[in-house]
Structure formats: structure tokens, C-alpha cells
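The lines below spell out each chain.
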Amino acid sequence: MRVEEGFQPVPFVEGNPYSTDPVLPALLKRILPSEVFQDVDKDLTRFGGEVLTTMRELTQRATPPQLVQYDNWGRRVDDLRTSEGWRGLKDVYHREGIVAISYERKYREHSRPYAFAKLFITAADSDVTDCPMSMTDGVARVLELVGSPALKQDVLPRLISRDPAQAFTAGQWMTERPGGSDVSRTETVASPVAGATAQYGPQYKIDGFKWFSSATDSDVALALARTGRPEDGSRGLSLFLIPVRLPLIRPPGTPRPPALTNNIFIHRLKNKFGTKIVPTAELSIEGAEAYLLGQPNQGVKLITPVLNITRTHSAVGSVAYLRKCLAIATAHSHGRAIKGGRQLLKDTPLHVAELAKLHVLYRALVHFVFGSVVLLGKTECGVATESESLRLRLMTPAIKAFAAEKCTTAMEECMTMLGGEGYMEENGITKLIQDGLVEKIWEGTITVLSLDLVRAVEKSPALNAFIQVTVAQSSSLVCILNEV
């Protein structure tokens, strides 16, 4: 029998990731003012079409990075080569304002939900491009809060630019060999440069080894380095902005110099289970120029805004991966027939019951995560109440941990909904599971996040604030149900 003969499976058809989503449009209509929702709804509908076309085409051209450490003359060059697809995906993120929207603040506190909604519909179709963008978002917030006037003039506008030719991306270098989330044993040391005059802030030289630097192709990075005594632990760490390449600000069209120009050596690229398109590396830092942010020995406190933002990106990314997997599983049920081809899966009670469980979880996670996003937008714009700020402190580690934990298992269930077809690489679910698993580790494992939540409860009235709001909302719901 020829392959064209006999039974032919019916391919599933995915719709616009925004307009066909069962949750997001209605959620945004509820949380955004009507005039804001009209603009956002129109833009997300348009961008949903771009996701199905432009973004997916670029992912086909995205391949793992390569590192060439020496040229043919034996000279150290550390040439980090990324694919056309990866660079193109970052360009789309810049043009669409995935980072910029939150800082343009056209819609004030509602800009955050808008930006994260845009990320939500593209995250599963962009090969983890949000990894560098989430850190760029966090670094932009730190510079907005504690950056020098010169950094706010030269670097911040590039971090939030929509022009790919001008835009910067940023990294976050915290993880070292003694530990990841536990930074108390950080070995990287910062030494002040005597007599140096730097327009961006007090100039230091950084020496150390960073074991896991995501998005090594970035332009700048935030790093923790020791300015106090080793026995001071995390209290002896300061926060620095490191130019990955020098000069930091270059004329348009100038070739991009290697990291060697700032004494940063790429030891090797990491061989990871997933996120293989992201250029992640081990770095040897041997006297790199850096600029102190804020006061010395306040690094852990000052980097907190980055963690809050990247953890929110992580939570949105986890649920976004589930969104696509569930959309595939649901679409497949409309084309796959059983019982001799007489009954579609969508009409099979047992199959529908399993799909319903996943849909309930998905809906709950979307509302849970975006509830925290709303609080983040209010806090950044200075319009949050004390209760809302406290709840944000409690919910940020909670949404990140809960989304990562629940979505991974749910994506596996979506895979089984397709039977043997679900195990094939072509449908995309397998890659989403591989990439999505990093969210259970990146920016804190579930146990680390649990301990962070405990600290929030012990050191603030955050739990009381959360309980009060929950009780009030529950009472209102009971009243509405009684009236019905």
C-alpha cells in the first residue's frame, strides 16, 4: 500500500492564540477599563496572527548557538554565534514592545496586564525568547529605581526600546558553583578602581566565575559580587551593572565586539535538557569593568525587583506553554474519531471529562497569575494600596511555584490526549515539556519559593491581607449566589 492510500489522519487546526483562547479575552475585558480593552483587544488579535505566521516561521530557523573560542591563528576570540531565527525572534519581541509596554505606561497600571497578555500568547511559539526579555525587564526596573542619571539617559532607553537596531537585552549573573539560589557563598569579588571617573557610577573591577549565565549574547548584565567579608555571607554582596562588551555605547552600524573586550571569557556553552536555543554559558570574569548600583553591601535587597519580575515572567510562561498544549489537545479531539470512525473524541464522555479537568486547571491558573500581574502594575505605578502591595509579596513566589508545578504534569496529560501522535516531535508538545521544565528550577525551585513565601508571612502581615481580601470576596460571592 502506498502512503497516500488507506486511512489518512486529520491534522488538527489551531486558531488565533488570543481570539480563540477560552479565558484571556474575557479576563482582560474584566480587569481593564473599556477604552483600554478596546485598544488591547485589537492589538492582541492582530498579534495572534503574527504568532501563527511570523513567529512560527522564525522558530523553524532557530538553531542552538555555537562558540568558537579560537581563530585559525590560535588567538582567543570567544565568537558566540547565534542563529538567524533566534535574532529574529528577539527583534519581534522588541518591535512588539513586550518589555517596552510596561515602561511606556500608556495605560498606566494597566500596561503590565497588557504586556503580559502579549507575552502570554507568544511565549509557546518563540523558543524561550522571553528568557533574555524577562531579565531585560527586570534590569530596566532596577535602573529605573536606583540607576544613576547617566544610566537612565544612556542604558535604560535602550533596554525598553522598540527599535531592534538600538535595543539592548540584559542578563542576570547570580548563579555560581557553590550554589544557585543561596548566594551567601558567592566567590565573585568586586574591587573599587582608585581614581577612576565613570559617568555611570562608582567603577569597580569584577573577578569571579559564573556557572550559569543565561542569554550570554546580551549587552549588559546585573551581577552580585562581594564587597564585604566572606563571613558576612549575603550581607556582604553588592549589585553591579556589567557591560558585556566595550565600548558600551557604540555608533549605529558598528560591529558588535566580543565579551573579551571587557575581560569576560566564555568558558563553555551549557549542555541543557531543554531551552537549547538560548545561549547559556559558564563565564570567567577577570577584571571586568562594572558600575556599582545603589549602596555597597545592599545587593540582595536591590536585586529583588528583578526576581519579582522574572518570577512573574516564569509563571506566565508556564501557563502559556499549557495554553498551547491544551489548544492542540482540544483541536485534536475535533478531528480524531473512534468506534470505527463513527464518534469523535469531542463527543466521547470519558475523553471530554479528562479534557475538562485540564481546562478547569488552566482557567484557574490564568486567573491566579494575572491577579498577581494586576497587583504588579499597580505597585509599579504607585497606586497600590498597602494591602495590594502585601498580597503581591505573598503571591509572586506562589504563582511561580504553583504554575511550574501544575503545568508540567498538565502538559504531559495533553500529550496523552493525542495518543501516539502526542509523542511525536512535530506537534510541538514534546519541546514545550522540555523547555517548560526549566520553570521548576529557574529563579528558584518550588522548595526555595516555599521558603520565600514563609519569610513573607513571618516578616510582614501579607498573609492577613490575603485572608481579609479572600474572606471579603467569598462573602460577596455568597450574597450574589443567594440573590440568584
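Above this text you will find the structure in question.
Residues numbered from 1 in each chain as written. Predicted model: local features only at pLDDT ≥ 70, side-chain atom pairs only at ≥ 80, totals over all residues. Heavy atoms only, no water.

**Overview of the overall build of the protein chain**
Heads up, the condition is: The helix and strand labels rest on DSSP assignments: H or I over at least four residues marks a helix, E over at least two residues marks a strand, and numbering proceeds from the N terminus. Here the globule rule reads 2.2 Å times residues to the power 0.38, and the radius of gyration is calculated from C-alpha atoms. Relative accessibility under 20% of the residue-type maximum defines a buried residue, over 50% an exposed one, and the middle range a partly exposed one, all with a 1.4 Å probe and only protein chains included. Contacts are residue-level and defined by heavy atoms, with any inter-residue pair within 4.5 Å sufficient.
Tallying secondary structure elements over the protein chain gives 15 helices and eleven strands in all. In terms of C-alpha radius of gyration, the protein chain reaches 24 Å, essentially the compact-globule figure of 23 Å for 484 residues. In terms of principal-axis extent, the alpha carbons of the protein chain reach across some 80 × 65 × 40 Å. When the 484 residues of the protein chain are sorted by exposure, 53% land in the buried category. Sequence separation of at least 24 residues holds for 73% of the intrachain contacts in the protein chain that already meet a minimum separation of 6.

**Things to note about the packing of aromatic side chains**
Stated precisely, the cut-off is as follows: Note on ring pairs: Phe, Tyr and Trp rings are taken, using the six-membered ring of Trp, and paired if centres are within 6.5 Å. Classes follow the plane angle, with under 30 degrees stacked, over 60 edge-to-face and the rest tilted.
Scanning all chains against the criterion turns up seven aromatic pairs. Considering the side-chain rings of phenylalanine 120 and phenylalanine 370, the 5.9 Å spacing of their centres and the 80 degrees angle between planes classify their relative orientation as edge-to-face. Highlighted residues: phenylalanine 120 in helix H5 (residues 111-122) and phenylalanine 370 in helix H11 (residues 349-380), separated in sequence by 250 residues. Here the two residues phenylalanine 120 and phenylalanine 370 agree in accessibility, since each one is buried.

**Observations concerning the side chain of threonine 122**
Residue position: threonine 122 is located in helix H5. Leave out the neighbours within four places in its chain, and threonine 122 touches Phe47, Val51, Met55 and Tyr93.

**A short note on the nonpolar core**
In plain terms, the rule: Note on terminology: a nonpolar core comprises buried Ala, Val, Leu, Ile, Met, Phe, Trp, Tyr and Cys residues joined through side-chain atoms within 4.5 Å.
Counting residues in hydrophobic clusters, the biggest one holds 103 residues, and the most contacted among them are Leu28, Phe120, Leu159, Val319 and Phe370. For this core, the element with the most residues is helix H10 (residues 304-333), which contributes 13 residues. The residues contacting leucine 159, other than those within four sequence positions of it, are Val99, Thr136, Val139, Ala140, Leu143, Phe168, Thr169, Ala170 and Val220. Leu80, Ala190, Ile264 and Ala290 belong to the second-largest nonpolar core, a separate cluster that totals 20 residues.

**Thoughts on helix H6 (residues 130-146)**
Keep this limit in mind: What a helix is expected to span follows from its residue count: subtract one and scale by 1.5 Å.
With 17 residues, H6 should cover 24 Å at 1.5 Å per step; its first-to-last C-alpha distance of 24 Å lies within 8% of that length. Counting buried residues along H6, 14 of its 17 residues qualify, which places the element largely inside the surrounding structure.

**Considerations on the pattern of salt bridges**
In plain terms, the rule: By convention in these notes, a salt bridge is any Lys or Arg side-chain nitrogen within 4 Å of a carboxyl oxygen on Asp or Glu.
Here the structure, examined in full by the defined rule, presents 35 salt bridges. A salt bridge links arginine 256 to aspartate 219, with the nearest nitrogen and oxygen atoms 3.1 Å apart. Taken together, the positions of arginine 256 in the loop between strand E7 (237-243) and strand E8 (264-269) and aspartate 219 in the loop between strand E5 (203-213) and strand E6 (220-226) put the pair 37 residues apart, joining distant regions of the chain. Among the residues examined, arginine 256 registers a relative accessible area of 42% and is labelled partly exposed. One salt bridge connects lysine 346 with aspartate 347, and the closest N-O pair in it is separated by 3.2 Å.

**Comments concerning the pairing of strand E9 (residues 281-293)**
Our working definition: A pair of strands is treated as paired once DSSP finds two or more bridges between them.
With twelve of 13 residues buried, E9 lies mostly within the body of the structure. Strand direction decides the pairing type here: E5 and E9, joined by nine bridges, are antiparallel. Bridged to aspartate 207 within E9 is glutamate 286. Where E7 meets E9, three bridges bridge the pair, whose relative direction is antiparallel. Paired with phenylalanine 240 across the bridge in E9 is leucine 292. Note: E8 against E9, five bridges, orientation antiparallel. Pairing of isoleucine 266 across the sheet is with leucine 283, part of E9.

**Overview of unusual backbone geometry**
Here the residue pair leucine 246 and proline 247 is connected by a cis peptide bond, since its omega of 0 degrees sits within 30 degrees of zero. Assignment of secondary structure puts proline 247 in the loop between E7 and E8. With a phi close to 45 degrees, aspartate 78 is a non-glycine residue in the positive phi region. For aspartate 78, a relative accessible area of 3% corresponds to the buried category. Phi is positive for arginine 108, close to 55 degrees, though the residue is something other than glycine.

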